[in-house]
Structures are given as C-alpha cells and as structure tokens.
Amino acid sequence: MKQGVKDTIPVSVKTRVGIELTALLHEEDNTSSKTVVLLDTLEHLIGFVQKLRQQCGCKRFVIHARKCVVGGLLTPAQNRIVPPLNYPRVYELCRYFPDCEFILNGGIPGLAKAKEICFGTEQLSSAVDSSTVHDDDDDDDDVISHDEKVKLDNTPCEGSSTNDLHVVPCSHCNATNGSCTVSPMRPPDNLVGCMLGRACIENPAMFWDVDRYFYGEESNPCQNRREVLEKYCQYLEVTYPRRCCDDDSRKTSRLPAPKVEMFTSGGCPICKEFYGEEGRSTSSSSLLQRDTPVVDAKDCEMYSTHCPKEKITSRAIGRCLKPVRGLFFGLRGGKQFRLECDRLNRDRKVRNCGPGYILRKVMSDLPEELLDAPFVKTEDLCEGDVSVHVAPVNFHLEN
C-alpha cells in the first residue's frame, strides 16, 4: 500500500491490541485437543507496530483497545463487546513510539469519556476547580487520586502497592467483563484523538454538543432534532436528488449521483407535498433544481405509471438513512422513526423520490414535541442516556 501511493497519501493502520487464537488439533489416534495461541502482550504489540513503522513507514495507528478472539469461540458481534478493554496498553504504546500518532478506539460511550481520554483528567479537574494546582514534582497521594496516576500497562500506579494495579481484569474500573478503561492524568502528546464507532451509530444525537463541549466553541449549530433533520434533508436533496421525474436509465447507487434532467421541478404526485410550490419550504428551495422546466404533474404521473422501475437503489437509501437512524436514542418514538424509515425504503415508488423526501415524510408523522425537544447538554446526561458496549455480567470467556 505504501508503495502504491508513494509519498502522496499517508498510510494509517487500524489494529487491535492482541489476538487470541483457539484451534483444534487432530491427533493420529482420532482424538482432538484445543490449543490456545495467545498473542495478547504489550511486547507483541510493540513488535508489530515497530515492523510497520520501520518497513512500511507507517506512523499513524488507530488502536482498538481489545484483543480479537478468533477460532469460532466468539461471533463478530460478541468480539466487539466480550474481550475486555485495555486502555493503559494504548497509553504505553504512545510512550514507546513518540514519533508516531495514535488514536484510541473501543468502548468509548460518549463525549464525556472521549474528552477525558483526549485532554486528561488533570486538565478537566483544573477547569472545574481552578483553585486546584497540580505540581509535576508533587507526589502527594492526597492530591492526586489513584485512578489519575495510571501510567503504564501492567505497571503499578504511582503511590500504590505492588499488588494495586490497573491491569486486565481490572478491579478498579468495575466493568462487568474486567475492562480497564481508566483515563490518563496527562495524555501522551502523540495520543491525537479517539474514535467512536458504534456509539455514534446508536446515539448520533450526542454529537449535537461536540462543538461546545469538546472543542470549546460558544454554541452548537443545532438545538433540537428537527433542526438536525432539516439540514440533513437539504444535504441529501443535493447529494442524492430525487429520480421520480426523469427518463434517464442510469441508477443512483453511489456517489456521485448521475445528473439527470427532470420533467418537473415541482415534484411528482407523491412528493409534491414537499417539493411543489405550496409545500416547498424556503430553506430547501435554494437547494433544489431551479432551471428545470415546469411540466404538468400529469406528465410526470404518466411517466411513473409506464416506467415504475427502480431509479434509486435500496442500498443507497439505506446508506443515507443510517447516520440518523439512532437520532431518537432512548426516547419514546425512536422505534417508530426507524420502522417508518425502513418501510418507505422498501417502497420502490417512494424510493425514487429520494432519501430527502423519505426523511421529510417520516418527520411529518412524528409528534411535534419529539422533534422540537431541546437537546440535553453532555454534562447533564444521565447514565441511561449513554450507550455502553461491554459484555453482560453473565458472559465469560472460556479459557
């Protein structure tokens, strides 16, 4: 890959912190035995990164802080929650390769934890209580807590006994699967960020507050879900325009969408409630085609009757709807939103009106109070408002 792009594009690698391979060995007497190959050590991870750094010139790594259990013991879905998280190993990897950049991934439930990881507990504590001053040379255990002093993977924390470790399984972090998710007191300089995957799929509404809470801006661009969906509809209406009123044989399946000539700028009989002259909103009118000829809707209806073939694929619509499927996470009405999006996506005639129309149609059927309810600030969220990605308490890995 590095040879293919030469020096024009930086190459990055995403990997886990280790591998556990379970294999069945068949003996000559027709018996079998289970063998576990464990490559889940800091030394093995350092060797792997070192090889990529030296031989490939890779200096940017996204580290999923779980080992991967292969060999059939866990399903792919279980592999994302069952193996315990090991954040201190990522911190130590950063210190071992100061010339590389690292991004921590895995089990980060929301912006609060992400901010702790990226900025450190010392800086956040100072922001909350400006009267508290931490001296780099001060080893007073009454000032800095044990959790804040974690430094290395499998190494005692400062001011603790040799048996008081942040290791996996961790007795300090109280995770059901033994995860160690302690945040650093002072993050390594080359820990340049963190990655949230399933958290943003399940609960994308958390990012309404990222400008203010994480980046320190004075305010956020949207204050409720209606504003978010309205802006996203406008984006979709440009990126994936409707295909209900054209005679182009090409399909819209990926970006860039084919540029087609519409029979009418006012929408077909299905979508004219939003794109016709009466239904078109001021905010979206500037984003729709303005130079297309205005034709009577009957011509469009006749076209739809004679050519009911699919113009926008279901997969394309699904990709468009996926970022907002979890927008109503934890709220009554969230399931209705998802089911209605899926139902309209399966309707071939409606699908040709585009993902923007589908979202607008779903929005029109939702309660006003659900759409207009103000977002909750990150610091005011309850525990149940944040998704957690760890194994249930009754699930244990077999050794």
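A brief look at the structure comes next. Given the structure is predicted, the values throughout are model-derived calculations rather than measurements.

**Examining the nonpolar core**
- Judged by nonpolar contacts, the single largest core of 36 residues is most densely connected at Leu229, Cys271, Phe328, Phe337, Tyr357, Ile358 and Leu359.
- Of all the elements in the fold, those that place two or more residues in this core are helix H8 (225-239), helix H9 (272-275), helix H12 (314-321), helix H13 (334-346), helix H15 (355-364) and helix H16 (368-372).
- At five residues, H15 tops the list of elements feeding residues into this core.
- Leave out the neighbours within four places in its chain, and Cys271 touches Arg242, Cys244, Cys353 and Tyr357.
- Of all hydrophobic cores here, the second largest spans 33 residues; its members include Leu85, Tyr91, Cys94 and Ile108.

**Re the packing of aromatic side chains**
- Scanning the model with the defined rule gives eight aromatic pairs in all.
- Summarising the aromatic geometry, the rings of Phe214 and Tyr215 are spaced 5.0 Å apart at their centres and angled 70° between planes, so their arrangement reads as edge-to-face.
- Through a chain of ring-to-ring contacts, the aromatic side chains of Phe119, Phe214 and Tyr215 assemble into a single cluster.
- Stacked on the ring of Tyr213, the Lys or Arg Lys115 has its end atom at 4.4 Å from the ring centre.

**Notes on the packing of helix H2 (residues 42-56) against helix H3 (residues 87-96)**
- Running from N to C, H2 and H3 point in directions that differ by 45°, and their axes come no closer than 11 Å. Between H2 and H3, the angle falls in the class oblique. Between H2 and H3 lies a crossing of right-handed hand. Contacts between H2 and H3 pair Leu42, Leu45, Ile46 and Val49 from the former with Arg89, Glu92, Leu93 and Tyr96 from the latter.
- Here the contact of H2 with H3 is composed, by residue class, of six nonpolar, no polar and two charged.

**Description of the side chain of Arg351**
- By the element assignment, Arg351 lies in helix H14 (residues 348-351).
- Non-local contacts of Arg351, meaning those with residues more than four positions away in its chain, are made with Glu310, Ile312, Thr313, Ser314, Ile317, Leu344, Asn345, Arg346 and Ile358.

**What to know about a nonpolar patch on the surface**
- On the surface, a cluster of nonpolar side chains totalling about 270 Å² of accessible area is made up of Ile19, Leu21, Val37 and Leu39.
- Inspection of the secondary structure puts Leu39 in strand E2 (residues 32-39).

**Quick notes on the pairing of strand E3 (residues 60-70)**
- Along E3, eight of the 11 residues are buried, which leaves the element largely enclosed by surrounding structure.
- Two elements, E3 and strand E4 (residues 101-105), share five bridges in a ladder whose sense is parallel. Note on E4: the bridge partner recorded for Arg60 is Glu101.

**Here's the deal with unusual backbone geometry**
- Of note, the amide linkage connecting Val168 to Pro169 takes the cis form, showing an omega dihedral of 0°.
- Within the fold, Pro169 resides in the loop between helix H5 (121-128) and strand E5 (191-195).
- Residue Pro256 is bonded to the preceding Leu255 through a cis peptide linkage, with omega at -5°.
- Mapping Pro256 onto the fold places it in the loop between H8 and H9.
- Not every positive phi belongs to a glycine, and Asn174 is a case in point at roughly 60°.
- For Asn174, the position within the fold is in the loop between H5 and E5.
- Among the residues examined, Asn174 registers a relative accessible area of 66% and is labelled exposed.

Criteria and cut-off values
Residues numbered from 1 in each chain as written. Predicted model: local features only at pLDDT ≥ 70, side-chain atom pairs only at ≥ 80, totals over all residues. Heavy atoms only, no water. Core = buried A, V, L, I, M, F, W, Y, C linked by side-chain atoms within 4.5 Å. Buried < 20%, exposed > 50% of the residue type's maximum accessible area, 1.4 Å probe, protein only. Helix = DSSP H or I, 4+ residues; strand = E, 2+ residues; numbered from the N terminus. Contact = heavy atoms within 4.5 Å. Phe/Tyr/Trp six-rings, centres within 6.5 Å; stacked < 30°, edge-to-face > 60°. Lys NZ or Arg CZ within 6 Å of the ring centre and 35° of its normal. Axes fitted to C-alpha atoms, helices over the stretch in contact; angles between N-to-C directions. Parallel < 35°, antiparallel > 145°, perpendicular 65-115°, else oblique. Left-handed = near helix turned anticlockwise from the far one by under 90°. Nonpolar A, V, L, I, M, F, W, Y, C, P; charged D, E, K, R; others polar. Patch = residues over 30% accessible without salt bridge, like charges linked within 9 Å, V, L, I, M, F, W, Y side chains within 5 Å. Areas by Shrake-Rupley, 256 points an atom, 1.4 Å probe, with all protein chains shown as cover. Salt bridge = Lys/Arg side-chain N within 4 Å of Asp/Glu carboxyl O. Pairing = 2+ DSSP bridges.

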